[in-house]
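Each chain, written out:
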Amino acid sequence: MLNLESVLSAMPGAAPVPGLASAWRWSPNPMFTFTAALSTDGRHNLQVNVRGPYDEALVTALLAHARAHDGTFVRQGRPLVAVGGFQHDGTPFDTVGVAAAEVHGYHATENTELSSVTYAVFPAYASEISGRENAEEAWGRFRKMLQPNKLDRTEVPFVKMRYHNTRTRSMSKGDARGFAPLDTLVRELGLLDGAPGSFVEWENRHGAVRRADSTGTGLTLTHDATQEPVNPGQLEAVARTSVQ
């Protein structure tokens, strides 16, 4: 069995993390800082990778929160998990995100055994993770959208959408909703007015779906089988509120 304490403490330049037991920090180059802590069972590695400015207090708080709640994700078979209830002075993050090995790829090249027992821990917002993401969706969110290795990143709400605009001739591919930035949703909703036959349909992290349609007489919003007329300004407000 892999001796995690020996492996992690032997990382080049590794040093204990003040105020957090069984945790070590090392920096492979000036751009990156890695911090790892053992899970409560001592058999898993909880790791925060930071690119750019490093905040020791924030990283320590992230790992402490993840460890205190690791029963919610260790060996639970979920590729991406949100651990709520996080607070740290000076930062807006309210959640700790956790990604499994098939998503993060940490240590995958140099030590596959270590990689398989590692969970990526990162600062997050409640709006970003549903907990229902499959492996492919989790990989895309973690690798392409969330920037989990930046401690000063902005919020990237969970938005899945599809749309078709008859005036701009812009549309999504296929019938399934795909992940998109909130700005894309807001932009496409703003282009609905005056484009009869167009629509925008979107889903938030709770699985709630809304649809805005452009008709010959105005705009309508459908949610929970209820349809009502709306104006363009209302649509943007609904979009931003709905993804929180």
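Computed from a prediction, not measured in an experiment: that's the story for all the values here. All chains use their own residue numbering, which begins from 1 and follows the written sequence. Where totals are concerned, whole chains, interfaces and linings use all residues; where local detail is concerned, this predicted model gives features only for residues with pLDDT of at least 70, and gives and counts side-chain atom pairs only at 80 or more. Hydrogen atoms and water are omitted, and side-chain values are computed over all heavy atoms in the structure.

Draft legend 1. Region of the structure containing the overall build of the protein chain. Helices and strands together make up the secondary structure of the protein chain, namely seven helices and 13 strands. Its C-alpha atoms give the protein chain principal-axis dimensions of about 70 × 35 × 30 Å. To sort residues, take the accessible area from a 1.4 Å probe on protein chains only and compare it with the maximum for the residue type: under 20% means buried, over 50% means exposed, and anything in between is partly exposed. Counting over 244 residues, the protein chain shows a buried share of 47%. Here, residues are in contact when the closest pair of their heavy atoms is within 4.5 Å. Long-range contacts, defined as pairs at least 24 residues apart, comprise 51% of the intrachain contacts of the protein chain with a sequence gap of at least 6. Note that accessible areas follow from Shrake-Rupley with a 1.4 Å probe, and for residues the cover is restricted to the protein chains shown. Counting every atom, the protein chain has about 11,700 Å² of accessible surface; 50% of that belongs to carbon and sulfur. A helix here means a DSSP run of H or I that spans at least four residues, while a strand means a run of E at least two residues long, and both kinds are numbered starting from the N terminus.

Draft legend 2. Up close: the sheet that holds strand E10 (residues 199–203). Sheet architecture is open: six strands sit in the order E9-E8-E10-E11-E12-E13, paired in antiparallel fashion. The sheet is open, and its two borders are formed by strand E9 (178–179) and strand E13 (226–230), each paired with just one other strand. Pairing between strands is defined by DSSP: at least two bridges between the two strands are required. Sheet topology note: the strand E8 (residues 160–164)/E9 ladder contains two bridges and is antiparallel. Across the sheet, residue Lys160 finds its bridge partner in E9, namely Phe179. As a rule, the C-alpha atoms of each element are fitted with a line to give its axis, helices using only the stretch in contact, and angles between N-to-C directions run from 0 to 180 degrees. Contacting E8, E10 and strand E11 (209–214), helix H6 (residues 182–190) crosses the sheet at an angle of about 155° to E10.

Draft legend 3. Fine view of the environment of Glu136. Within the secondary structure, Glu136 is located in helix H5 (residues 135–145). Through-space distance from the C-alpha of Glu136 to that of Gly97 is 17 Å; in sequence the pair is 39 residues apart.

Draft legend 4. Representation of the sheet that holds strand E4 (residues 45–51) within the structure. The seven strands are arranged E1-E2-E3-E4-E7-E6-E5 in an open sheet whose pairing can be described as mixed. This sheet does not close on itself; its edge strands, each paired only once, are strand E1 (15–16) and strand E5 (80–84). Both strand E3 (residues 32–38) and E4 contribute to a ladder of seven bridges, which runs antiparallel. When the bridges of E4 are listed, Ala37 appears paired with Leu46. Here helix H2 (residues 56–68) sits on the sheet and contacts strand E2 (23–29), E3, E4, E5, strand E6 (95–99) and strand E7 (118–124); the angle it forms with E4, its principal contact strand, is near 155°.

Draft legend 5. Geometry of the packing of H6 against helix H7 (residues 232–242). Interaxial distance between H6 and H7 falls to 9 Å at its minimum, and their mutual angle equals 160°. Here H6 is positioned roughly antiparallel relative to H7, judged by the angle of their axes. In the packing of H6 onto H7, the handedness of the crossing is right-handed. On H7, the residues touching Leu182, Leu185, Val186 and Leu189 of H6 are Leu235, Glu236, Ala239 and Arg240. Along the lines of polarity and charge, the residues of the contact of H6 with H7 split into six nonpolar, no polar and two charged. An angle below 35 degrees is treated as roughly parallel, one above 145 as roughly antiparallel, one from 65 to 115 as roughly perpendicular, and anything else as oblique. Handedness of a crossing is defined here by the sense of rotation of the near helix relative to the far one, left-handed for an anticlockwise turn of less than a right angle and right-handed for a clockwise turn. Three classes are used: nonpolar for Ala, Val, Leu, Ile, Met, Phe, Trp, Tyr, Cys and Pro, charged for Asp, Glu, Lys and Arg, and polar for all others, with Gly counted as polar.

Draft legend 6. Representation of the pattern of salt bridges in the model. Salt bridges, as used here, are contacts in which a Lys or Arg side-chain nitrogen is within 4 Å of a carboxyl oxygen on Asp or Glu. Scanning all chains against the criterion turns up nine salt bridges. Here Glu137 makes a salt bridge to Lys160, at a shortest N to O gap of 2.7 Å. A residue pair is termed long-range when its members are at least 10 positions apart, and Glu137 in helix H5 and Lys160 in strand E8 qualify at 23 residues. Salt bridges sharing common partners tie together Arg162, Arg177, Glu201 and Glu203.

Draft legend 7. View of H6. Taken together, the buried positions of H6 are Leu182, Thr184, Leu185, Val186, Glu188 and Leu189. The secondary structure elements touched by the buried residues of H6 are E8, E10, E11 and H7.

Draft legend 8. Representation of the nonpolar core within the structure. Among the buried residues, those of types Ala, Val, Leu, Ile, Met, Phe, Trp, Tyr and Cys that are joined through side-chain atoms within 4.5 Å form a nonpolar core. Counting 26 residues, the largest nonpolar core has Leu63, Phe73, Val96 and Val121 as the members making the most contacts within it. Counting only elements with at least two residues in this core, the list comes to E4, H2, E5, E6 and E7. Here the element with the most residues in this core is H2; it accounts for six residues. Contact partners of Phe73, with chain neighbours within four places excluded, come to Leu46, Ala66, Val81, Val83, Val98 and Tyr119. Listed in part, the 18 residues of the second largest apolar core include Val159, Trp202, Ala212 and Leu219.

None of this, on its own, says anything about what the molecule does.
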